[in-house]
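Listed below are the residues making up each chain.
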Amino acid sequence: MTTIPLVWLNQTATRFADARGHLDVLYEHGDVVLKRSFSHAGVFRGMHWQRPPHAQSKLIRVVSGRILDFVVDPQSDARQLFHRELGPDDGWVLVAAELAHGFYAMQDTEFEYLCHGAYAESAEHSYSILHHLAEHHGIHDATVSSKDAAAAPLAVTAAPQPD
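First things first, this report covers the structure right here in the doc. (Residues numbered from 1 in each chain as written. Predicted model: local features only at pLDDT ≥ 70, side-chain atom pairs only at ≥ 80, totals over all residues. Heavy atoms only, no water.)

### Observations regarding a nonpolar patch on the surface
On the surface, Val32, Leu59, Trp92, Leu94 and Leu114 cluster together into a nonpolar patch covering about 450 Å² of accessible area. By the element assignment, leucine 94 lies in strand 8 (residues 93-95). Relative accessible area serves as the criterion here: at 61%, leucine 94 is assigned to the exposed category. (Patch = residues over 30% accessible without salt bridge, like charges linked within 9 Å, V, L, I, M, F, W, Y side chains within 5 Å. Areas by Shrake-Rupley, 256 points an atom, 1.4 Å probe, with all protein chains shown as cover. Salt bridge = Lys/Arg side-chain N within 4 Å of Asp/Glu carboxyl O. Helix = DSSP H or I, 4+ residues; strand = E, 2+ residues; numbered from the N terminus. Buried < 20%, exposed > 50% of the residue type's maximum accessible area, 1.4 Å probe, protein only.)

### Looking at the sheet that holds strand 6 (residues 67-72)
Read from one edge of the open sheet, 7 strands run 12-11-4-9-6-7-13, paired in mixed fashion. Each edge of the sheet is formed by a strand with only one pairing partner; in this case those strands are strand 12 (152-153) and strand 13 (157-158). Two strands pair when backbone bridges link them, and strand 4 (residues 44-50) and strand 11 (residues 124-128) are joined in this way by 3 bridges, in the antiparallel orientation. Residue pairing in the sheet places tryptophan 49 in a bridge with histidine 125 of strand 11. Of the strands in this sheet, strand 4, strand 6, strand 7 (80-86), strand 11, strand 12 and strand 13 are in contact with helix 1 (residues 130-137), which crosses strand 6 at around 125°. (Pairing = 2+ DSSP bridges. Contact = heavy atoms within 4.5 Å. Axes fitted to C-alpha atoms, helices over the stretch in contact; angles between N-to-C directions.)

Below, the structure is given as structure tokens:
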């Protein structure tokens, strides 16, 4: 009998659910975390960032639906907020560890994250850009978590959009 050189990682997903949708932590070991979320249309998640030494980079992708994706370097003087519409055809996008990240679900959206760096609540910062969403994107009624609703506003400037 031949032994198959595979290791089964019998890890059960952990689900966190609320009115916005849900977040499943599918795999977590050391500095590798795989998550999948579902957000109803109109939900804004973010802006979140973990300070060093607990910084966390993310590979993200939209599985279904469409989002407005946002990143900003909260430590820079300029604090330029970059955004881009993403859908399933856009593939994987890297969010560098020094960037705060968030997204607005334009439709019901399934989203995946492959994170390098474990989640550390003590190192996490949350910032609000709800004022920017209203002023620059006409989004006045985004659904957010209580943590994101209580986040300090981040003064940002809109970054020039590429052609």
